[in-house]
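What follows is the residue order along each chain.
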Amino acid sequence: SGNASFSGTNLWNSGDIYVTGTLEVTSNFQLPANSRLIVLAGGAVRVSGQMEVLGGSTFYNGASTTVGGTLKITNERGVIINDQTIKAANIEVTNNNSSLVNNAVVEVSGNILVTNQGLLKNESSVKAASLTFNNGLMDNYGTTTISGETNATNSTVKLSNYGAFTTNTLSMQGGAKVYNYCHMTIVDN
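The following paragraphs examine the structure supplied in this document. In this text the structure is predicted, and so the values were computed from the model without any measurement.

Rules behind the numbers
- Residues numbered from 1 in each chain as written.
- Predicted model: local features only at pLDDT ≥ 70, side-chain atom pairs only at ≥ 80, totals over all residues.
- Heavy atoms only, no water.
- Helix = DSSP H or I, 4+ residues; strand = E, 2+ residues; numbered from the N terminus.
- Rg over C-alpha atoms; globule rule 2.2 N^0.38 Å.
- Buried < 20%, exposed > 50% of the residue type's maximum accessible area, 1.4 Å probe, protein only.
- Contact = heavy atoms within 4.5 Å.
- Areas by Shrake-Rupley, 256 points an atom, 1.4 Å probe, with all protein chains shown as cover.
- Lys, Arg positive; Asp, Glu negative; His and termini not counted.
- Charge placed at Lys NZ, Arg CZ, Asp CG, Glu CD.
- Pairing = 2+ DSSP bridges.
- Axes fitted to C-alpha atoms, helices over the stretch in contact; angles between N-to-C directions.
- Patch = residues over 30% accessible without salt bridge, like charges linked within 9 Å, V, L, I, M, F, W, Y side chains within 5 Å.
- Salt bridge = Lys/Arg side-chain N within 4 Å of Asp/Glu carboxyl O.

Overview of the overall build of the protein chain
Line of reasoning, step 1. Scanning the protein chain from terminus to terminus reveals 0 helices and 21 strands.
Line of reasoning, step 2. Since a compact globule built from 189 residues should have a radius of gyration of about 16 Å, the 16 Å found for the protein chain is in line with a globular shape.
Line of reasoning, step 3. Within the protein chain, buried positions represent 48% of all 189 residues.
Line of reasoning, step 4. Long-range pairs, those at least 24 residues apart, make up 7% of the contacts in the protein chain with a sequence separation of at least 6.
Line of reasoning, step 5. Carbon and sulfur atoms make up 45% of the accessible area of the protein chain, which totals about 8,200 Å².
Line of reasoning, step 6. Counting 9 positive and 11 negative side-chain charges, the protein chain places the centres of these two groups 3 Å from one another.

Section: the environment of G56
Line of reasoning, step 1. With respect to the helices and strands, the residue G56 is situated in the loop between β7 (51–53) and β8 (58–61).
Line of reasoning, step 2. Residue classification places G56 among the partly exposed positions, given a relative accessible area of 25%.
Line of reasoning, step 3. In this structure the C-alpha to C-alpha distance between G56 and N75, which are 19 residues apart in sequence, comes to 7.7 Å.
Line of reasoning, step 4. Sequence-distant contacts of G56, that is, excluding residues within four places in its chain, are made with N34, S35, E76, R77 and G78.

A closer look at the sheet that holds strand β18 (residues 158–161)
Line of reasoning, step 1. One open sheet accounts for 9 strands, arranged β2-β5-β8-β10-β12-β14-β16-β18-β20; its pairing is parallel. Because the sheet does not close on itself, it has two edges, and the strands there are β2 (16–19) and β20 (177–180). With direction set aside, neighbouring strand axes in the sheet form an average angle of 5 degrees.

Things to note about a nonpolar patch on the surface
Line of reasoning, step 1. A surface patch of nonpolar side chains, about 420 Å² in accessible area, is lined by Y141, Y162, Y179 and Y181.
Line of reasoning, step 2. By the element assignment, Y179 lies in strand β20.

Side note on the environment of G78
Line of reasoning, step 1. Position of G78 among the secondary structure elements: in the loop between β9 (64–73) and β10 (79–82).
Line of reasoning, step 2. Linking G78 and E52, residues 26 residues apart in sequence, is a C-alpha distance of 9.7 Å.
Line of reasoning, step 3. Those residues in contact with G78, other than ones at most four positions away along the chain, are L54, G55, G56, S57, I73, N97, S98 and S99.

Thoughts on the environment of S99
Line of reasoning, step 1. Mapped onto the fold, S99 is located in strand β12 (residues 99–102).
Line of reasoning, step 2. Note on S99: relative accessible area 12%, which makes it buried.
Line of reasoning, step 3. The sequence separation of S99 and L119 amounts to 20 residues, and the corresponding C-alpha distance is 4.6 Å.
Line of reasoning, step 4. Once residues lying within four places of it in the same chain are set aside, the contact partners of S99 are I73, G78, V79, I80, V93 and L119.

Right, here's the structure in full:
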């Protein structure tokens, strides 16, 4: 409980961090493999640089997280579960069996990149400037709003929309697939 500030944060091997106050990191933050970062109600995480979730790790956000750089999952089986608010410059879900599960609000001022069979699952609200799929998957059950381009690059991309999906432009290449079961709007024809 309380506040903690770090100029750099390292856990050697693996470990769990529970946040009930404010965890402020004034540079980059890396959650080691097979670790957990759990932000409980009333807590806050603020990272001025990049935040990286390594393989087998879970980042559970039950409060407020702000990342000044890129929030990314870079190894197999990394998981981000958002039950409140995540704000980031960019988000990358970049490896097999890695996932970002959003049950509340995700706001990205730049790009969301989903690649190498990573999964973006939205149950509530995702807003971003752009969305890029390179071998990535998306299951949208909530509202996804992309103010710029949604770009899918190859046949292993699968975007399944069961909610409301809006994008300014949509580029589907190399046999990428869209399955629309509800409302999809492409603003710029």
